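Coordinate inspection notes
Residue strings, one per chain:
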Amino acid sequence: MCGIIGIYNHPEAATLAYLGLYAQQHRGQESAGIATGNGDKMKIHLSMGQVPDIFSQGVLNTLKGIHAIGHVRYSTQGESHIRNCQPFMVNFSSGSMAVVHNGNIVNALSLRKKFEDSGAIFQSNIDTEVVMHLLARSKQQTIRERITDALSALDGAFSLLFLTKDTMIAARDSSGFRPLVLGKKNGAHIVASETSAFDLIGAEFVREIEPGEVVFFSGDQIESFRFADNNHKKNHCIFEYVYFARPDSHVFNRDVYEIRKGFGHQLAKESATRADLVVPVPDSGVPAAIGYSHESKIPFEMGLVRNHYVGRTFIEPEQNIRHFGVKVKLNPVRKTFEGKKVILVDDSIVRGTTSKKIVKMIRDAGAKEIHLKISSPPTKWPCFYGMDTPSRRELISAKKTVEETRLHIECDSLQYLSVESLYWFDKINNKEWFCDACFTGKYPVGRAEVEKKIRFETGEAIKPL
Ligand code: AMP
């Protein structure tokens, strides 16, 4: 998964882009980069690692320009390697252009194969590079026509920002899988994956960039057009609400925190479990646990404390410590659990390894019963639209029933949210607006390509729509 930011027409464009990425670090911790344009030239800096480690004041000083785009990456397509970091920059006959991308282009491999067969050379393994080839090869005359031509050839999820030395272009796929929002700060235009980026840099939310829309920033002009008609069904990713987006963001025109709390209310409404306390798995389970506690009137306790300073790697002692990986991140407040019947709330179970370890940790801390409540349905299908989910072989709910999963996790009961309750916030339009393929196997676009990938991995067929 990834997060993107664009700043158009601000004297401190690189610094604002850096802060915008900082606020969106949760969307990708593997690499980050910023490209700038000063009306004349472009500059770029990217590296593996996290935002504050990559951008020092010295580095930001070299990124001169009043326009900037930036990217944080968690690889879903292409290996974890510097050559796959973004912004991805190319030189066309008309000058340089950089691009950042959040999403997954489902038909990227077939497009790439077609180009390679006709002699094209690719520099990276990322699907985004295909977009640049489509732009370069378009026979259309104007940039507007070329963009329309290129984007119309893509299937799947893309929230994109392009930057040349003096223009910025924002575009979103016609399903609107991934978020993309437009803001302003004094005379500058800001585009970001999430509104939490606007809050940090003091920008004001203007509106979402619409699915199928392209917004062109050039000089004093801002122009909007569509590359796809707006009758296309929207397929916003429901997992942004479940886990991915920050709870303080406003995504798909709704507040993520309120949606997550509502998931907890729904879970409690569908449960008859009696318990002494409700405990979240921090941070991902907190809003749903608050909702659960409000609805059930069972007291909320922060029974697990998270160490916020854990990096991606840590040195383990040579003598093995059991469940070290989870222990280094979470620690129980023992007194809270001793002799108690506990409702433990988390957002999702993917492979099932984390929940198993946390349940064991709470049991060791003295809990009498542990009832695990998950604020989403069982994750049974991999995502091909940009979420980093493993193959079906690794998804515990693809192989096991709820009861078998409970036995594996070793909790006293296990309850998931139903697909219907997931849409508590809009019971009328839900099927019109969201993609829930990770729960239902109903892949809304690129089905032929998705089918090929799933058959290749597991030999299974996907569900009919
Ligand atoms: P596990 O079941 O051990 O694979 O871990 C599940 C936990 O990982 C969930 O409770 C989430 O907090 C988190 N999670 C869910 N989806 C993702 C994702 N796409 N990338 C990273 N972490 C995730």
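Residues numbered from 1 in each chain as written. Predicted model: local features only at pLDDT ≥ 70, side-chain atom pairs only at ≥ 80, totals over all residues. Heavy atoms only, no water.

Describing the overall build of the protein
Our working rule: Helix and strand labels come from DSSP, where a helix needs a run of H or I of at least four residues and a strand needs a run of E of at least two; each type is numbered from the N terminus. The quantity called the radius of gyration is restricted to C-alpha atoms. Its globule counterpart is 2.2 Å times the number of residues to the power 0.38. Residue burial is assigned from relative accessible area. The probe radius is 1.4 Å, only protein chains are included, and a residue is buried under 20% of its type maximum, exposed over 50%, and partly exposed in between. Pairs of residues are marked as contacts when any of their non-hydrogen atoms sit within 4.5 Å. Exposure was quantified through the Shrake-Rupley algorithm and a 1.4 Å probe, taking into account, for residues, occlusion by the shown protein chains and nothing else. The convention is simple: Lys and Arg are positive, Asp and Glu are negative, and His and the chain ends are not counted. For charged residues, the charge sits on one atom: NZ in Lys, CZ in Arg, CG in Asp, CD in Glu.
Helix and strand content of the protein: 19 helices and 23 strands. Its C-alpha atoms give the protein a radius of gyration of 23 Å, near enough to 23 Å, the size a compact globule of 465 residues would have. Once the C-alpha set of the protein is aligned to its principal axes, its extents read approximately 70 × 50 × 45 Å. The buried share of the protein, taken over its 465 residues, is 55%. For the protein, restricting intrachain contacts to residue pairs at least 6 apart in sequence, the fraction spanning at least 24 positions comes to 67%. If you sum the accessible surface of the protein, you get close to 20000 Å²; carbon and sulfur atoms cover 50% of it. The average position of the 59 basic charges and that of the 53 acidic charges among the side chains of the protein differ by 3 Å.

Topic: the nonpolar core
For clarity, the threshold we go by: Take the buried Ala, Val, Leu, Ile, Met, Phe, Trp, Tyr and Cys residues and link them wherever side-chain atoms come within 4.5 Å; each set so joined is a nonpolar core. All domain edges in this entry derive from an automatic or database-based domain assignment.
In terms of nonpolar packing, the biggest core is built from 46 residues, with Ile238, Tyr241, Tyr385, Leu422, Phe439, Tyr443 and Val450 touching the most fellow members. If you list the elements that add at least two residues to this core, you get helix H8 (238-244), helix H9 (256-269), helix H10 (286-296), strand E20 (341-346), helix H16 (419-422), strand E23 (434-435), helix H18 (437-440) and helix H19 (447-458). Two domains each donate at least three residues to this core, and these are domain 1 (2-232) and domain 2 (255-432). Those residues in contact with Ile238, other than ones at most four positions away along the chain, are Leu422, Tyr423, Phe425, Phe434, Cys435, Asp436 and Phe439.

Considerations on the packing of helix H4 (residues 108-117) against helix H5 (residues 128-137)
The following threshold applies: Axis lines are fitted to C-alpha atoms, over the contacting stretch for helices. Their N-to-C directions set the angle, which ranges from 0 to 180 degrees. Angles are sorted into four bins: roughly parallel if under 35 degrees, roughly antiparallel if over 145, roughly perpendicular if 65 to 115, and oblique for all others. Working rule for handedness: look at the near helix, and if it is turned counterclockwise from the far one by less than a right angle, call the crossing left-handed; if clockwise, right-handed. Following the grouping adopted for this structure description, the nonpolar residues are Ala, Val, Leu, Ile, Met, Phe, Trp, Tyr, Cys and Pro, the charged ones are Asp, Glu, Lys and Arg, and the polar ones are all others, Gly among them.
The geometry of H4 relative to H5 is characterised by a closest axis approach of 10 Å and an angle of 50° between their N-to-C directions. Classed by the angle they form, the pair H4 and H5 counts as oblique. For the element pair H4 and H5, the recorded crossing hand is left-handed. Across the interface between the two elements, Ala108, Leu111, Arg112 and Phe115 from H4 touch Val130, His133, Leu134 and Arg137 from H5. Class assignment of the residues belonging to the contact of H4 with H5 gives a composition of 5 nonpolar, 1 polar and 2 charged.

A short note on the pairing of strand E21 (residues 369-374)
Which entries qualify depends on this criterion: Pairing between two strands is assigned when DSSP locates at least 2 bridges connecting them. Seen with its strands pointing away from the viewer, a crossover is right-handed when the path leading from the first strand over the helix to the second is clockwise.
Of all 6 residues in E21, 5 are buried, a share of seventy percent or more. Sheet topology places E20 next to E21; 6 bridges connect them, and they run parallel. Note that in E21 the partner of Leu344 across the bridge is Leu372. Handedness of the β-α-β unit built from E20, helix H13 (residues 353-364) and E21 comes out right-handed. By the bridge criterion, 4 bridges tie E21 to strand E22 (residues 413-416) in an arrangement that is parallel.

Some words on the domain arrangement of the protein
To keep it simple, the criterion reads: What gets called buried area is simply the loss in accessible area from a 1.4 Å probe that two parts show on being joined, summed for both. Pairs of N or O atoms within 3.5 Å make up the polar contacts considered here, provided that, within protein, one atom can donate a hydrogen while the other can accept it, and that residues adjacent in sequence are counted only when both atoms are side-chain atoms.
Structurally, the protein comprises domain 1 (2-232) and domain 2 (255-432). Taking only C-alpha atoms, the centre of domain 1 and the centre of domain 2 are 34 Å apart. Facing 12 residues of domain 1, the contacting portion of domain 2 comprises 7 residues. Together, the buried faces of domain 1 and domain 2 total about 810 Å²; carbon and sulfur atoms form 56% of this surface. Where domain 1 touches domain 2, the interface holds 2 residue pairs in polar contact (both at pLDDT 80 or more). Classifying every residue of the side of domain 1 that touches domain 2 by side-chain character gives 4 nonpolar, 7 polar and 1 charged.

A few points about the site of the ligand
The condition is simple: For this description, a residue counts as near a given molecule or strand if any of its non-hydrogen atoms is within 4 Å of it.
What surrounds the ligand is a group of 13 residues, the closest being Ser348, Arg351, Gly352, Thr353 and Thr354. Asp388 is positioned with one of its backbone polar atoms (N or O) 3.1 Å from a nitrogen atom of the ligand. Put simply, the parts of the chain that give the shell around the ligand at least two residues each are H8 and H13. Across the shell around the ligand, the residue classes tally to 4 nonpolar, 5 polar and 4 charged.

Observations concerning the sheet that holds strand E8 (residues 167-172)
The 6 strands lie next to each other as E5-E6-E7-E8-E12-E13, forming an open sheet whose pairing is antiparallel. Edge strands, defined here as strands with exactly one partner in the open sheet, are strand E5 (88-92) and strand E13 (221-226). Strand after strand, the sheet turns through a mean of 20° between neighbouring axes, direction not considered. The sheet contact formed by E5 and strand E6 (residues 95-102) spans 5 bridges and is antiparallel. Within E6, the residue paired with Val90 across the bridge is Met97.

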